[in-house]
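# Coordinate analysis (summary)
These are the residues of each chain, in order.
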Amino acid sequence: MTLLEVRGVGKRFADQVVLEDVSFDVDDGEIVAIIGASGSGKSTLLSLLTGALHPDSGEIRFAGAPLPQRRRPFAYMPQRDALLPWRRVVENAAIGLEVQGVSRREARRRARELLEPFGLAGTEFRYPRQLSGGMRQRVSFLRAVVQEQPILLLDEPFGALDAITRDDLQRWLLEMWRDSGWTIVCITHDIREAVRLADRVLVLPRTPGALAGEVAVSREIPRGTGMLTDPRVPPLEAELHALLRSAG
Amino acid sequence: MTLLEVRGVGKRFADQVVLEDVSFDVDDGEIVAIIGASGSGKSTLLSLLTGALHPDSGEIRFAGAPLPQRRRPFAYMPQRDALLPWRRVVENAAIGLEVQGVSRREARRRARELLEPFGLAGTEFRYPRQLSGGMRQRVSFLRAVVQEQPILLLDEPFGALDAITRDDLQRWLLEMWRDSGWTIVCITHDIREAVRLADRVLVLPRTPGALAGEVAVSREIPRGTGMLTDPRVPPLEAELHALLRSAG
Amino acid sequence: MMRSVRRGLFATGGSWSERLALIAAPTIAFLLLLAAWQGVAVAGLVPAEMLPAPTRVVSAGAAEHTALLRHAIPTLIATVAGFALSVSVAWVTATVLDFSRILRSALLPLLIVSQTLPLIALAPLVVLWFGFGLLPKILLVAFVTFFPMVVGLLRGFAEADPEAERLLASMGASRATVFRLVRLPASTASFFSALRVSITYAVVGAIFAEYAGAVAGLGVYMQSAKNVFRTDLVLAAVGVSTLLTLCLFGIVVLAERVAAPWLRIEQGRDRTHRGTRS
Amino acid sequence: MMRSVRRGLFATGGSWSERLALIAAPTIAFLLLLAAWQGVAVAGLVPAEMLPAPTRVVSAGAAEHTALLRHAIPTLIATVAGFALSVSVAWVTATVLDFSRILRSALLPLLIVSQTLPLIALAPLVVLWFGFGLLPKILLVAFVTFFPMVVGLLRGFAEADPEAERLLASMGASRATVFRLVRLPASTASFFSALRVSITYAVVGAIFAEYAGAVAGLGVYMQSAKNVFRTDLVLAAVGVSTLLTLCLFGIVVLAERVAAPWLRIEQGRDRTHRGTRS
Amino acid sequence: APNGASAGENAGSTRVTFALDWAPNTNHIGVYVADELGYFDEAGLDVEILPYGSTPATQLVSAGEADFGIGGQSTVQVARTAGLDLVSVYRVTQRDSGRLVTLADRADAERPADLDGMTFGGFGSPLYSALARATIEGDGGEGSFEEVVLDTGAYEALSQGRIDFTLSVATWENLQAELDGHPYREFRYQDFGVPEQQSTGIVSSEAYLEAHPKESRAFVQAVARGYAYAAEQPDAAAELLIAANPDTLGAADELVHASARLLAEDYLTSPEREIGAIDPEAWDAFGAFLFDGGFLTDAEGRPLTEQPDWSEYATDAYLG
Ligand SMILES: Nc1ncnc2c1ncn2[C@@H]1O[C@H](COP(=O)(O)OP(=O)(O)OP(=O)(O)O)[C@@H](O)[C@H]1O
Ligand SMILES: Nc1ncnc2c1ncn2[C@@H]1O[C@H](COP(=O)(O)OP(=O)(O)OP(=O)(O)O)[C@@H](O)[C@H]1O
Ligand SMILES: Cc1ncc(C[n+]2csc(CCO)c2C)c(N)n1
Ligand SMILES: [Mg+2]
Ligand SMILES: [Mg+2]
């Protein structure tokens, strides 16, 4: 079932066109990755979805209806973790619920319940600075998930981590996703990450315009270490490489 | 011919052992990549070579003799570009020669000569802030090369760049290397980068100790787009993955 | 201004021997200074009315400690009251300015210019306008401490992580909510840093007002001591005012430790490490 | 302290209409303030000796402009000389302190404490020690401006990129060379920022010294105007001193633009972007 | 500190610095007259008059930063006892020109005893509060009042009713108040039992006098000529004073003339002695008043146990 429809969306800042005529769909329960060069407008696109920015043209529909102005059906995980240093882990995780009007107590209770499955048991009262980079990303992800929105938007969720921690967290995300019904839109500039995480990879062109292309990644391809040696992966990566370059 | 010999080197900071019993060789004209998790001591190892730090144990030999205390045979390209914002491109590029006592004029003349081959023509009088991230890395690299030392030490040279710019620069570095006789030791935490650039990939263990292993990458493997689909690559990557994890 | 200093004396962490050195070194320097001063005074190079020996300053101060105390109290009250006024008005002002770019660009330059006014010429006018009570003292203390507070708070608000603000906006938070949950707490470090700067000026501001006209206070005491040629007592009063300032400074530092525990936490290893990368 | 402010009034870039707003808004605010003041004064709510109307201040100042000018010159000379002394000694001090951790931890606390001394009580002593000439003025100007300069420079040195320092060390540079090529130029922004803060205090410091005793200067003029109850002339002199400060401030800003062009360059797109990532 | 003041020598004349105790007024008239009429030049002196600032003139003289300065009898008595190097070398006023004043239209302050519990605008010196207290006590009051330290702002504060009473100089503030149409009610301390004193004078330091006997004599005698001129031709002297201080006195024509006349008439001279000479009785009497009141401390800040020999405090040696 199509959950999200983006139709011919465009956005400009002053004299600079950043996005133009971007269209795509996202189905229920699917992970879609969007890749593009730095500055191609990936973060801007997410901001259009969350409502932090407004499109200059085009339309975004959710479950068949136009997006509401407020209380949009998204939970957003930003490019860096954006944890608030003065809030302990559980307080950081609960902030989305608090903003939505859930009582502090209730918000924290719900966040606390997820600490264990997110591998954050025992960190409840730590401040963000007392966490490792990987743990911080988990808290950030938890903060998004606990809002229980239909769609999760992830902006380069692991971009700030070193390759090995990133590998751990990708694996962990895939496991979490397998056990849930989440619909995820994930932005990245890393082709390998996109292929590993996504059902479909959309390529934003370097110069504003319609998507440069789309590559489907079969669910049959193993996403763990097995992926490294799976012969179906290299052609996909090569195709995405080509798309990225051609678009530029 | 063996140019550099590292023999049983160890280093500790206060109560923390960072490196222990690390040994390897580097041959003339070869590119060696060293990978390891964040914090495994990669940057520390390079500092032991440049002389910024002194090993607590072990020995480092160059061309069969112990390393001199000063004027070591290395040119170093740091983890970030470390360009000085108040120096124009050519002044930044020439600083290594200046420190070595070459006259300002001569140093700048030599740096200027390399601007063109390094794809930096026309940027001579720009300040670093007026450059893109990729250009900055090139200047940083040029600053190392112009010192004409026998060995280039690169510390995660492209770590701060987005995947696509990084891809461009890796390609560019390989081309430059092919036309020169450079000997390069390159540190990275990115397996793919290591395999792409190196003749041999050394793996630093997560917990201090001797190298976890070493993987040779045949020069016959194409390092351009062709590498993406070359069947010899996935097993190498898988092996390095395994080495990195086993060591942890 | 005092931020980098804090890394020294008030730094978190550090071994015990390091901390000792941080206390011992300035103490030794201070004692050397006193010794040099004592030497000059005892050698009789300058007469005592011009530069009494430190021992004499201390003994005179001790002898007059009741008078000093009596005059220290009004100064302290004026300082604390003026500072409280300044801090609360600064919060309100900075909040309003943070919300309105136009007001900010209209009023900040005026605030800067206000800093260039020679207080010494204005203090008598303030006393003329507001009498000899607590009010002119409070106003002058507020005047000298207000600007660093407002600027510190504004900078603090601006230090908020824009990504965190965008995140909250995406959750549907209003501008006021974003301010309350992100910008306001983000300003804590900068707020306390401004507080430390301001408090060093606060006592001096009160003494200023007392010079222009007051019934009691360290400024009044200094003036009387000067007029009976008791330089030793002037300096003893200067010492008391410096002690007052240092105590208030200490209280601010303590308050910061209690109110903002997260500021004292060393960055996690991973994070620091990544931090050096950008 | 003035750094965030600079982002406003002295910001680089920005469209013309934005710049106009940055000038127009404070001008309007200033005029409104003057109008309110004029209103209060004209309405006769307070007598003119207490609060003369701005028009009267201006006309009295204009009538006495030769006297004002005559007294402004010694103040300006003392300010510039004291400031020059302060800045040069601050450079030397900060450099020495940067090289020696022990000296730094020994002397910085003393410098902080020196800031808490009530100048108003010490100025007469300084005049007693050093006479009526330029010297006490210069010393007081230096005293009030020295601390922000030293702290600003030390912070500037500390802002140097450690990776760049390590790089130079790896090239075989001595500590002095690293200082000269990296730490020193790295402090430029912080230096100018401290310069801007200091200059706002410099004129005030000179006027202070003149109150304690001087042959000529704006402080002397203000005092004699006050003694004949010419509040209008006191305020005119205050206006002149503020103008002096603003001019000096402007010169510092200009000097920064000329001496450190790289500070005005907007970050390259790529870099800014990456910058947000760590 | 270096005595930069007397070191400079130009065109054969010796530089002498003179410190003021207040904004220029008729108490200083003889000095300005001597300067304007070239008496100093004739004596080979180049006199620089230092403006009034927050450092007391007596301290400047004692520290050697000024060679001469204005310093009244009571100040010299207190300061020299406290260890300052001060000697009175010339008496400007032969009697006390100080007054306790309130506003004349205050019905609740008709005599000193009424001032109990009111607010006194003081000058930060216990000496002056003592004068006020003694006057009130002499009138049968308790001498308890609140003191606000105001210095030159006292008179403005008085006319605005912010304070109830203060001390003034009869030949200056009192005349000004009258001219302003807001006259003071004045009380002479001596009418309430306070001894007479030579309230305004000129001081120097032993150090200077010893090192520069010739210049000292020349200076004091030139000053004496100036005051003698002012005593004989007060209006001409007033013009000279105004001419020397156009900024501060340019608009105070009436005041300066009235004041110069009053001074010439009542204060500058005495039939009993030559102009500027010491009245030993006044020094002894007021000295005893200070000693009895416990206002004297020695150089170590200890209260005095024995009255000093007041004859050392003032000298006529340089007068003639
Ligand atoms: N608020 C804004 N005002 C003006 N320009 C903006 C704004 N936000 C983004 N831009 C510009 O829009 C372009 C796209 O930015 P965006 O952050 O969406 O890129 P991105 O694809 O997310 O890049 P990255 O991979 O580096 O995060 C850039 O040129 C950027 O400078
Ligand atoms: N000067 C130092 N003093 C104390 N500890 C240090 C110092 N330099 C590095 N370390 C510590 O040594 C360990 C190894 O650091 P190093 O920078 O060599 O790691 P790395 O492998 O380069 O990591 P990354 O991939 O994050 O750059 C880390 O735990 C670090 O905190
Ligand atoms: C012109 C003039 N007015 C006031 C004072 C201050 N003052 C000093 S002594 C004294 C009276 C004490 O009897 C007063 C009022 C002054 N020095 N000169
Ligand atoms: Mg982005
Ligand atoms: Mg490293």
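Look above for the structure.
From a predicted model like this one, the values you see are computed outputs, not experimental measurements.

Rules of the game
- Residues numbered from 1 in each chain as written.
- Chains lettered and ligands numbered in written order.
- Predicted model: local features only at pLDDT ≥ 70, side-chain atom pairs only at ≥ 80, totals over all residues.
- Heavy atoms only, no water.
- Donors = N, O, S within 2.8 Å, 3.2 Å for Na, K, Ca; no water.
- Helix = DSSP H or I, 4+ residues; strand = E, 2+ residues; numbered from the N terminus.
- Buried < 20%, exposed > 50% of the residue type's maximum accessible area, 1.4 Å probe, protein only.
- Least-squares fit on C-alpha atoms with pLDDT ≥ 70 in both.
- Contact = heavy atoms within 4.5 Å.
- Pairing = 2+ DSSP bridges.
- Axes fitted to C-alpha atoms, helices over the stretch in contact; angles between N-to-C directions.
- Buried area = accessible area lost by both parts, 1.4 Å probe.
- Salt bridge = Lys/Arg side-chain N within 4 Å of Asp/Glu carboxyl O.
- Polar contact = N/O pair within 3.5 Å; in protein donor to acceptor, adjacent residues only side chain to side chain.
- 1 Å grid on protein atoms, 1.4 Å probe; cavity = no way out; pocket = protein on both sides within 12 Å on 5 of 7 lines; lining within 4 Å.
- Points joined across faces, edges and corners; volume = space filled by probe spheres on them.
- Nonpolar A, V, L, I, M, F, W, Y, C, P; charged D, E, K, R; others polar.
- Expected span 1.5 Å × (residues − 1).
- Bend = angle between axes of the 7 residues up to and from the residue.
- Patch = residues over 30% accessible without salt bridge, like charges linked within 9 Å, V, L, I, M, F, W, Y side chains within 5 Å.
- Areas by Shrake-Rupley, 256 points an atom, 1.4 Å probe, with all protein chains shown as cover.
- Lys, Arg positive; Asp, Glu negative; His and termini not counted.
- Charge placed at Lys NZ, Arg CZ, Asp CG, Glu CD.
- Parallel < 35°, antiparallel > 145°, perpendicular 65-115°, else oblique.
- Left-handed = near helix turned anticlockwise from the far one by under 90°.
- Phe/Tyr/Trp six-rings, centres within 6.5 Å; stacked < 30°, edge-to-face > 60°.
- Near = heavy atom within 4 Å.
- Arc of directions from axis to C-beta.

### Some points on the coordination of the magnesium ion (ligand 4)
Residue and element names in this part refer to chain A. Around the magnesium ion (ligand 4), the protein contributes the donor atoms Ser43 (OG) and Gln79 (OE1), at 1.9 to 2.7 Å from the metal centre. Of the two residues, Ser43 is situated in helix 1 (residues 42–50) and Gln79 in the loop between strand 6 (74–77) and helix 2 (89–99); the sequence distance between them amounts to 36 residues. For Ser43, a relative accessible area of 27% puts it in the partly exposed group. Since its relative accessible area comes to 14%, Gln79 is described here as buried.

### Regarding the relation of the copies chain C and chain D
Once chain C is rotated about the relating axis by 180 degrees and shifted along it by 0.0 Å, it coincides with chain D to within an RMSD of 0.1 Å. Put plainly, the chains are arranged around a two-fold axis. Both copies share a contact surface, since 100% of the interface residues of chain C are interface residues in chain D too.

### Observations regarding the sheet that holds strand 6 (residues 98–103) of chain E
All names here are of chain E. A sheet is described by the order of its strands in space; here five strands give the open sequence 8-7-9-6-10, paired in mixed fashion. The two strands at the open ends of the sheet, each matched to only one other strand, are strand 8 (146–149) and strand 10 (184–188). Averaged over all neighbouring strand pairs, the angle between strand axes comes to 35 degrees, with direction disregarded. As defined by bridge partners, strand 6 adjoins strand 10 across five bridges and the pair is classed as antiparallel. Residue pairing across strands places Leu100 opposite Phe187, the latter belonging to strand 10.

### Quick notes on the interface of chain C and chain D
Counting from both sides, the interface comprises 58 residues of chain C and, opposite them, 60 residues of chain D. Interface area, chain C with chain D, both sides summed: about 5300 Å², of which 78% is carbon and sulfur. Linking chain C to chain D there are zero salt bridges. Our count for the chain C to chain D interface comes out at four residue pairs in polar contact (both at pLDDT 80 or more). Among the elements that take part in the side of chain C that touches chain D, helix 5 (residues 101–115) of chain C stands out by supplying 11 residues, more than any other.

### Let's talk about the sheet that holds strand 5 (residues 65–66) of chain B
Residue and element names in this part refer to chain B. The antiparallel open sheet is built from four strands, whose spatial order is 2-1-4-5. Bordering the open sheet on either side are strand 2 (16–27) and strand 5, each of which pairs with just one other strand. Contacts from helix 1 (residues 42–50) reach strand 1 (2–13), strand 2 and strand 4 (57–62), with the element oriented near 120 degrees to strand 1.

### Notes on empty space enclosed by the protein
If a probe as big as a water molecule is rolled over the atoms, it shows which places are left empty. Scanning the entire structure with this criterion turns up 10 cavities of 30 Å³ or more. Of the pockets and cavities examined, the largest cavity occupies roughly 510 Å³. Around the largest cavity sit 21 residues that line it, and Val144(C), Tyr201(C), Val204(C), Tyr201(D) and Val204(D) are the ones nearest its centre. Sorting the residues of the lining of the largest cavity by element identifies helix 7 (134–158) and helix 10 (188–212) of chain C together with helix 5 (101–115), helix 7 (134–158) and helix 10 (188–212) of chain D as the ones contributing at least two each. Split by residue class, the lining of the largest cavity holds 16 nonpolar, five polar and no charged.

### Some thoughts on helix 10 of chain D
All names here are of chain D. When the terminal C-alpha atoms of helix 10 are compared, their 35 Å separation across 25 residues agrees well with the 36 Å that a helix rising 1.5 Å per residue should span. Along helix 10, the sharpest change in direction is near 25 degrees and occurs at Ser198. Immediately beyond the C-terminal end of helix 10, within one or two residues, lies Gly213, with a positive phi of roughly 160 degrees.

### Details of a negative patch on the surface
Residues Glu281(E), Asp284(E), Asp309(E) and Glu312(E) make up a contiguous surface patch of negative charge. In this structure, Asp309(E) sits in the segment after helix 14 (280–293).

### Considering the pairing of strand 1 (residues 2–13) of chain A
The side chains of a regular strand alternate between both faces of the sheet. All names here are of chain A. In terms of strand pairing, strand 1 meets strand 2 (residues 16–27) through eight bridges, oriented antiparallel. Within strand 2, the position partnered with Lys11 by the bridge is Leu19. Adjacent in sequence and paired antiparallel, strand 1 and strand 2 are bridged by two residues, among which Ala14 carries a positive phi angle near 50 degrees. Relative to strand 4 (residues 57–62), strand 1 is paired through five bridges, and the arrangement is antiparallel. Paired with Val6 across the strands is Ile60, a residue of strand 4.

### Things to note about unusual backbone geometry
The phi torsion at Ala82(B) lies on the positive side, around 55 degrees, for a residue other than glycine. When its relative accessible area of 3% is taken as the criterion, Ala82(B) is described as buried.

### A short note on the packing of helix 10 of chain D against helix 12 (residues 231–259) of chain D
Residue and element names in this part refer to chain D. Contact geometry for helix 10 and helix 12: axes closest at 9 Å, N-to-C directions at 155 degrees. With respect to their mutual orientation, helix 10 and helix 12 come out roughly antiparallel. When you trace helix 10 past helix 12, the crossing you get is right-handed. Facing helix 10, whose interface residues are Phe192, Leu195, Arg196, Ile199, Thr200, Val203 and Ile207, helix 12 presents Ser241, Leu244, Thr245, Leu248, Phe249, Val252, Val253, Ala255, Glu256 and Ala259. Tallied by class, residues from the contact of helix 10 with helix 12 come to 12 nonpolar, three polar and two charged.

### Overview of the arrangement of the chains
Take the eight pairs of chains in contact: the one carrying the most contacts is chains C and D. Chain A shows no contact with chain E. Their nearest C-alpha atoms sit 49 Å apart.

### Side note on the packing of aromatic side chains
All names here are of chain A. All told, the structure shown has 40 aromatic pairs over all chains when counted by the stated rule. Between Phe141 and Trp182, the ring centres sit 5.5 Å apart and the planes meet at 80 degrees, which makes this aromatic pair edge-to-face. Of this pair, Phe141 sits in helix 4 (residues 133–145) while Trp182 sits in the loop between helix 5 (163–178) and strand 8 (183–188), placing them 41 residues apart in sequence. Residue Phe141 is classed as buried on the basis of its relative accessible area, which comes to 2%.

### Describing the site of ligand 3
Residues and elements named next belong to chain E. Taken together, 14 residues are adjacent to ligand 3, and Asp21, Asn25, Tyr155, Glu173 and Tyr189 come closest. At a separation of 2.6 Å, a nitrogen atom of ligand 3 approaches a polar side-chain atom of Glu173. Taking Tyr189, its side chain carries an N or O atom lying 2.8 Å from an oxygen atom of ligand 3. Its free accessible area being 430 Å², ligand 3 has 90% of it covered by the protein chains. If you list the elements that add at least two residues to the shell around ligand 3, you get helix 6 (126–138) and strand 9 (165–169). When residues of the shell around ligand 3 are assigned to their parent elements, the largest contribution, three residues, is made by strand 9. Counted by class, the shell around ligand 3 contains nine nonpolar, three polar and two charged residues.

### With respect to helix 14 of chain E
Residues spaced three or four apart along an α-helix face the same direction, because each turn holds 3.6 residues. Residues and elements named next belong to chain E. In this model, helix 14 (14 residues) spans 20 Å end to end at C-alpha, consistent with the 20 Å of a helix rising 1.5 Å per residue. Buried residues of helix 14: Ala282, Trp283, Phe286, Gly287, Phe289 and Leu290, and no others. What you see down the axis of helix 14 is that its buried residues fit within an arc of 155 degrees, all on one side. Looking at helix 14, the residues exposed on the side facing more than 90 degrees away from the buried face are Glu281 and Asp292. Packed against the buried residues of helix 14 are helix 5 (73–81), strand 5 (87–91) and helix 6. Once helix 14 finishes, Gly294 follows within two positions and takes phi at roughly 75 degrees, a positive value.

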